[in-house]
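Breakdown of the fold
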Amino acid sequence: MERPVGQTRDVGWEIGVSRTVSHGSAEVWSFLTSPEGVALWVGPGALLEPTKGARYTADDGTAGEVRSFRPGDRIRITWRPAVWTHDSIVQLVVRPAATGTSVRFHQEHLVDADERERQRTHWSDVLGAITSALAERQ
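Below you will find a few notes about this structure. Because the structure is predicted, anything quoted here is derived from the model rather than measured. (Residues numbered from 1 in each chain as written. Predicted model: local features only at pLDDT ≥ 70, side-chain atom pairs only at ≥ 80, totals over all residues. Heavy atoms only, no water.)

1. Some words on the environment of valine 103
Of note, valine 103 is situated in strand S6 (residues 100-110). Here valine 103 falls in the buried class, since its relative accessible area comes to 0%. It is 9.4 Å that separates the C-alpha atoms of valine 103 and isoleucine 130, two residues lying 27 residues apart in sequence. Excluding residues within four positions of it along the chain, valine 103 makes contact with Val17, Ser18, Arg19, Val21, Val28, Leu32, Leu92, Val93 and Leu127. (Helix = DSSP H or I, 4+ residues; strand = E, 2+ residues; numbered from the N terminus. Buried < 20%, exposed > 50% of the residue type's maximum accessible area, 1.4 Å probe, protein only. Contact = heavy atoms within 4.5 Å.)

Here it is, written out as structure tokens:
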């Protein structure tokens, strides 16, 4: 039987969204790992230490831990909003692209298609906020 789009055999439902921004990858990485950048994609008040196992909690109760932190490349964290009863995994990947830098969010361990769609909207909105914040820094 064929699985619906976004449903995997091993990690439940997943979503990936990406956008290319017209900034260099070093600048984008620096911004996304700054307190201002982390506030946009993890939540205000969250601080991500570049150490495997480091815990974080955002002001809204979203919490998790750093699974991997590869400077200039990717961050993988567990991510659980205060209203959820399960952890998910979020990965941020920053890569040079022909016209700037590709920023990609991938989230797995989502419970169903509805949560997947809510998270697609969430990460698209986050990418919009990141794009706007980077534009303001010019």
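2. Remarks on helix H3 (residues 113-136)
Over its 24 residues, H3 runs 35 Å from end to end, which matches the ideal 34 Å to within 8%, given 1.5 Å per residue. Within the span of H3, buried status applies to Glu115, Arg116, Gln119, Trp123, Val126, Leu127, Ile130, Ala133 and Leu134. Where H3 is buried, its residues touch strand S1 (13-21), helix H1 (25-32), helix H2 (35-41), strand S4 (74-79), strand S5 (88-97) and S6. Sitting at the amino-terminal end of H3 is aspartate 112, which places a side-chain oxygen 3.2 Å from the backbone nitrogen of aspartate 114. (Expected span 1.5 Å × (residues − 1). Polar contact = N/O pair within 3.5 Å; in protein donor to acceptor, adjacent residues only side chain to side chain.)

3. Digging into the packing of aromatic side chains
Going through the model one piece at a time under the given rule, you end up with five aromatic pairs. Geometrically, the ring pair formed by tryptophan 29 and phenylalanine 69 is edge-to-face, given 5.8 Å between the ring centres and 75° between the ring planes. Here phenylalanine 69 lies in strand S3 (residues 63-70) and tryptophan 29 lies in helix H1, a separation of 40 residues in the sequence. Centre to centre, the rings of tryptophan 41 and phenylalanine 105 are 5.7 Å apart; their planes meet at 45°, and the pair counts as tilted. Here the residue tryptophan 41 occupies a position in helix H2, and phenylalanine 105 occupies one in strand S6, the gap between them amounting to 64 residues. With a relative accessible area of 1%, phenylalanine 105 lands in the buried category. (Phe/Tyr/Trp six-rings, centres within 6.5 Å; stacked < 30°, edge-to-face > 60°.)

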